Amino acid sequence: AQKVTQAQTEISVVEKEDVTLDCVYETRDTTYYLFWYKQPPSGELVFLIRRNSFDEQNEISGRYSWNFQKSTSSFNFTITASQVVDSAVYFCALKPPRGAQKLVFGQGTRLTINP
Amino acid sequence: SAVISQKPSRDICQRGTSLTIQCQVDSQVTMMFWYRQQPGQSLTLIATANQGSEATYESGFVIDKFPISRPNLTFSTLTVSNMSPEDSSIYLCSLGGNTEAFFGQGTRLTVV
């Protein structure tokens, strides 16, 4: 069975602090895809990143960075110098390479950045 | 990436009525998915919609309650039937594929 765990239900930090959102996953597939999404109060789901299980390189995009560690089945997300606009619910998700191809979501982490 | 247009963006409906949500894509896609997100919860897959065949529903969801149409490769609808307050949620359509996973803007439904 596939499972995604985001143990941090809520995080609150002060603006300009760095913050890391944890994501741990379980799967028996050797090939899979991992995703992060941002959900602002408007409710839409904004795609942030997709990572192939064969690519363990960390990725940086502006203030965002992702640390993929296959050995620990983790795909953590760090926001550097956080801003109020980063306040949202963040979801980590897992997708098998074939079959139903549906996403398995974590429970989400509600991030609040205080001015 | 494909552009997904979902509407309505929000609605307030009376219990016992039905609402049809539309999802339009600017390119042809084989698989489309419909998710539900209850207040404060994560996303749960309702069904997978392939063009030309009946939708495949996940456990806990039935066609009578959530009928889905997929008339072509760029369009799908989800109907929430005989609504009750428990149906108040955000409903999202999504595209499938080997690597892609994009979502529509979501429909925020409130049933009163």
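You'll find the structure just up there.
Everything quoted here is computed from the prediction, not taken from an experiment.

A. Focus on the overall build of chain A. In terms of helices and strands, chain A carries zero helices and twelve strands. For chain A, the sequential pattern of α-helices and β-strands runs β-β-β-β-β-β-β-β-β-β-β-β. Scaling as 2.2 N^0.38, a compact globule of 115 residues should have a C-alpha radius of gyration of about 13 Å, and chain A matches this with 14 Å. Viewed in the frame of its principal axes, chain A has a C-alpha envelope of about 45 × 30 × 20 Å.

B. Region of interest: the side chain of Ser-89 of chain B. Residues and elements named next belong to chain B. Tracing the chain through its elements places Ser-89 in strand E9 (residues 89-95). Among the residues examined, Ser-89 registers a relative accessible area of 5% and is labelled buried. Ser-89 has contacts with Arg-36, Gln-37, Gln-38, Pro-39, Thr-107, Arg-108 and Leu-109, leaving out every residue within four places of it along the chain.

C. Summary view of the interface of chain B and chain A. Between chain B and chain A, the contact holds 22 residues from the first and 22 residues from the second. For the pair chain B and chain A, the summed buried area comes to about 1,800 Å², and 51% of that belongs to carbon and sulfur atoms. Counting the contacts that link chain B with chain A gives one salt bridge. Lys-102 of chain A is paired through a salt bridge with Glu-58 of chain B; the nearest N and O atoms lie 2.6 Å apart.

D. Molecular detail of the state of the cysteines. Residues and elements named next belong to chain A. Following the criterion strictly, the structure yields two disulfides over all chains and no others. Paired by a disulfide, Cys-23 and Cys-92 hold their sulfur atoms 2.0 Å apart. Between Cys-23 and Cys-92, the S-S dihedral sits near -65°, and the bridge is therefore left-handed. In this pair, Cys-23 is assigned in the loop between strand E3 (19-21) and strand E4 (24-26) and Cys-92 in strand E10 (residues 88-95), connecting sequence segments 69 residues apart.

E. Inspection of the environment of Ile-12 of chain B at higher detail. All names here are of chain B. Within the fold, Ile-12 resides in strand E2 (residues 10-13). What makes Ile-12 exposed here is its relative accessible area of 63%. Ile-12 sits 98 residues away from Thr-110 along the chain, and the two C-alpha atoms are 4.7 Å apart. Not counting residues within four places of it along the chain, the set of residues in contact with Ile-12 comprises Thr-110 and Val-112.

F. Expanded view of the pattern of salt bridges. Residue and element names in this part refer to chain A. With the rule as written, the count across this model stands at five salt bridges over all chains. Arg-51 is the salt-bridge partner of Asp-55, the closest N and O atoms lying 2.8 Å from each other. Taking the shortest distance from any N to any O, the salt bridge between Glu-59 and Arg-51 comes out at 2.8 Å. Through salt bridges with shared partners, one network takes in Arg-51, Asp-55 and Glu-59.

About the criteria used
Residues numbered from 1 in each chain as written. Chains lettered and ligands numbered in written order. Predicted model: local features only at pLDDT ≥ 70, side-chain atom pairs only at ≥ 80, totals over all residues. Heavy atoms only, no water. Helix = DSSP H or I, 4+ residues; strand = E, 2+ residues; numbered from the N terminus. Rg over C-alpha atoms; globule rule 2.2 N^0.38 Å. Buried < 20%, exposed > 50% of the residue type's maximum accessible area, 1.4 Å probe, protein only. Contact = heavy atoms within 4.5 Å. Buried area = accessible area lost by both parts, 1.4 Å probe. Salt bridge = Lys/Arg side-chain N within 4 Å of Asp/Glu carboxyl O. Disulfide = S-S within 2.5 Å.

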